[in-house]
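Each chain is listed here by its residues.
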Amino acid sequence: MTRIVPSQVVATIDKLFTGPSKGAGTAALTLERLIHLQAILDLIQQIPNELLSADAAELADLTVATAAIAMTILRFGHGQSFSLPPVTGEDVIYTIRRVLSKCMDEAPPADMADLLFIPDPQVRKNMGQEIGAANSALQNAEWKAATVLGGAAIEALLHWKLSVPQTISAPVISAKQSAVATGRLTKSPSGSLDTWGLVEFIAVARELGTITEKTFEQADIARDYRNLIHPGYAARQQLICDRATALAVLSALEHVIRDLSRSSASNGVDGGTSRLD
């Protein structure tokens, strides 16, 4: 099913209704107008909950407005024809458009308090959006997207962490060698982090002590599931992306966020508190 976002409903209202005024009330109902009203209700019901980002008072207005439309349609079905009066001083379509105009078409980013260990505000915002996209996919039962996006978010976080000045050069070189010696990697990664995959990032991060052994184990499972994006790999493993793979990958992501937050806090950097604490 096509994903419905608030702006699409607003656009439909603008197409079907000629600018309802704030207090006039919907015109006398006809069968055509009832179809329009029902269509708006159906579209609203398809908006993912995380996109209904208006404040509590406005969401209450939206609930009252949609309830008024539903009740009017029900009464019309019993032979009662009448206008749909304003609710709380506003035409219901005006109310719906007002509220949905303030909602976002993209999932809100992850709680920025979780990512305060990233000092650069823009980088923190970008990371939050990636994590928010993965969580949104999970909530919408988009298992493959959640699995792949969650793995990408882990990779992005560790790429950022291993790129900061204090972890460049000697410590990383030593960690790469140690990862091969312990069998976490079969060969030493190249010198450029941009060419690394998730397997290199989690192995080197573990040897550096950036992530714990438990986090490494969970991330290694996530790495395996993320490879299901490749049809050949999925066929060989006889696996598919499902709710279990999505949850496993997002669990690994939470473990990584927790470890990076704790690491930054212990180093005297302002760090957030993980959702798993």
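Residues numbered from 1 in each chain as written. Predicted model: local features only at pLDDT ≥ 70, side-chain atom pairs only at ≥ 80, totals over all residues. Heavy atoms only, no water.

Thoughts on the overall build of the protein
Link 1 in the chain: Helix and strand counts for the protein come out as 11 helices and zero strands.
Link 2 in the chain: Residue burial in the protein is summarised as follows: out of 277 residues, 41% are buried.
Link 3 in the chain: In the protein, the share of contacts with a sequence separation of at least 24, taken over all contacts with a separation of at least 6, comes to 71%.
Link 4 in the chain: For the protein, the exposed surface amounts to about 13900 Å²; the carbon and sulfur share of it is 56%. (Helix = DSSP H or I, 4+ residues; strand = E, 2+ residues; numbered from the N terminus. Buried < 20%, exposed > 50% of the residue type's maximum accessible area, 1.4 Å probe, protein only. Contact = heavy atoms within 4.5 Å. Areas by Shrake-Rupley, 256 points an atom, 1.4 Å probe, with all protein chains shown as cover.)

Comments concerning the confidence of the model for the protein
The predicted structure's coordinates, where accompanied by low pLDDT, should not be read in detail.
Link 1 in the chain: On average, residues of the protein carry a pLDDT of 82, and 81% of them reach 70 or more.
Link 2 in the chain: Across the protein, helix α8 (residues 198–208) holds the top mean pLDDT of 93, while helix α10 (residues 231–237) sits lowest at 51.
Link 3 in the chain: Segment residues 269–277 is flagged for pLDDT under 50; beyond a separation of four residues in sequence, or across chains, it makes 28 contacts in the model. (pLDDT = per-residue confidence, 0-100.)

Considering the packing of helix α1 (residues 6–16) against helix α2 (residues 31–45)
Link 1 in the chain: Across the interface, α1 lies against α2 with an axial gap of 10 Å and an inter-helix angle of 175°. Looking at the two axes, α1 sits roughly antiparallel to α2. On the side of α1, the interface is formed by Val-9, Thr-12, Ile-13 and Leu-16, while α2 contributes Arg-33, His-36, Ile-40, Leu-43 and Ile-44.
Link 2 in the chain: Broken down by class, the residue content of the contact of α1 with α2 amounts to six nonpolar, two polar and one charged. (Axes fitted to C-alpha atoms, helices over the stretch in contact; angles between N-to-C directions. Parallel < 35°, antiparallel > 145°, perpendicular 65-115°, else oblique. Nonpolar A, V, L, I, M, F, W, Y, C, P; charged D, E, K, R; others polar.)

Details of the packing of helix α3 (residues 56–77) against helix α4 (residues 92–100)
Link 1 in the chain: Two elements in contact, α3 and α4, have axes separated by 9 Å at closest approach and are oriented at 145°. Along this stretch, α3 crosses α4, giving a crossing that reads as left-handed. Here α3 contributes Glu-58, Leu-59, Asp-61, Leu-62, Ala-65, Thr-66, Ala-68 and Ile-69 to the contact with α4, which in turn contributes Val-92, Ile-93, Thr-95, Ile-96, Arg-98, Val-99 and Leu-100.
Link 2 in the chain: Grouping the amino acids of the contact of α3 with α4 by side-chain chemistry returns 10 nonpolar, two polar and three charged. (Left-handed = near helix turned anticlockwise from the far one by under 90°.)

Points about the environment of Leu-149
Link 1 in the chain: Mapping Leu-149 onto the fold places it in helix α6 (residues 143–163).
Link 2 in the chain: Given a relative accessible area of 34%, Leu-149 falls into the partly exposed group.
Link 3 in the chain: Along the chain, Leu-149 and Gly-132 lie 17 residues apart, while their C-alpha atoms are 9.5 Å from each other.
Link 4 in the chain: With residues near it in sequence (within four places) discarded, Leu-149 still touches Ala-133, Ala-134 and Ala-137.

Some details on the side chain of Thr-66
Link 1 in the chain: Its location among the elements puts Thr-66 in helix α3.
Link 2 in the chain: Every residue in contact with Thr-66, bar those within four places of it in the chain, is listed here: Leu-41, Ile-44 and Ile-96.

Observations concerning α2
One turn of an α-helix holds 3.6 residues; hence residues three or four places apart share an orientation.
Link 1 in the chain: Given a rise of 1.5 Å per residue, 15 residues ought to cover 21 Å, and the 21 Å separating the end C-alpha atoms of α2 matches this to within 8%.
Link 2 in the chain: Within α2, burial applies to Leu-34, His-36, Leu-37, Ile-40, Leu-41, Leu-43 and Ile-44.
Link 3 in the chain: At its buried positions, α2 is contacted by α1, α3 and α4. (Expected span 1.5 Å × (residues − 1).)

Here's the deal with the pattern of salt bridges
Oppositely charged side chains can pair when the atoms bearing their charge come close.
Link 1 in the chain: Counted by the stated rule, this structure contains nine salt bridges.
Link 2 in the chain: Here Arg-206 and Glu-213 are joined by a salt bridge, their closest N and O atoms 2.9 Å apart.
Link 3 in the chain: You can call Glu-213 partly exposed: its relative accessible area is 28%.
Link 4 in the chain: Within the structure, one salt-bridge network assembled from shared partners comprises Arg-184, Arg-206, Glu-207 and Glu-213. (Salt bridge = Lys/Arg side-chain N within 4 Å of Asp/Glu carboxyl O.)

Notes on the packing of aromatic side chains
Link 1 in the chain: Tallying each qualifying case throughout the model produces two aromatic pairs.
Link 2 in the chain: Ring geometry for Phe-117 versus Trp-160: centroids 5.9 Å apart, planes at 50°, classification tilted. Remark: Trp-160 occurs in helix α6 and Phe-117 occurs in the loop between α4 and α5 (121–139); sequence separation between them is 43 residues.
Link 3 in the chain: With relative accessibility at 1%, the residue Phe-117 sits in the buried group.
Link 4 in the chain: Measuring from ring centre to ring centre gives 5.2 Å for Trp-196 and Phe-201, while their planes differ by 55°; the resulting arrangement is tilted. The pair formed by Trp-196 and Phe-201 is uniform in burial state, with each residue classed as buried.
Link 5 in the chain: Its end group placed over the ring of Phe-216, Arg-184 keeps NZ or CZ at 4.5 Å from the ring centre. (Phe/Tyr/Trp six-rings, centres within 6.5 Å; stacked < 30°, edge-to-face > 60°. Lys NZ or Arg CZ within 6 Å of the ring centre and 35° of its normal.)

Some thoughts on the nonpolar core
Taken as a class, soluble globular proteins show a tendency for nonpolar side chains to be buried jointly.
Link 1 in the chain: Counting 37 residues, the largest nonpolar core has Phe-117, Ile-154, Leu-157, Leu-158 and Leu-253 as the members making the most contacts within it.
Link 2 in the chain: Contributions of two or more residues to this core are made by α5, α6, α7 (170–181), α8, α9 (213–226) and α11 (243–266).
Link 3 in the chain: Excluding anything up to four places from it in sequence, Leu-158 contacts Phe-201, Ile-202, Ala-205, Ile-211 and Val-256. (Core = buried A, V, L, I, M, F, W, Y, C linked by side-chain atoms within 4.5 Å.)

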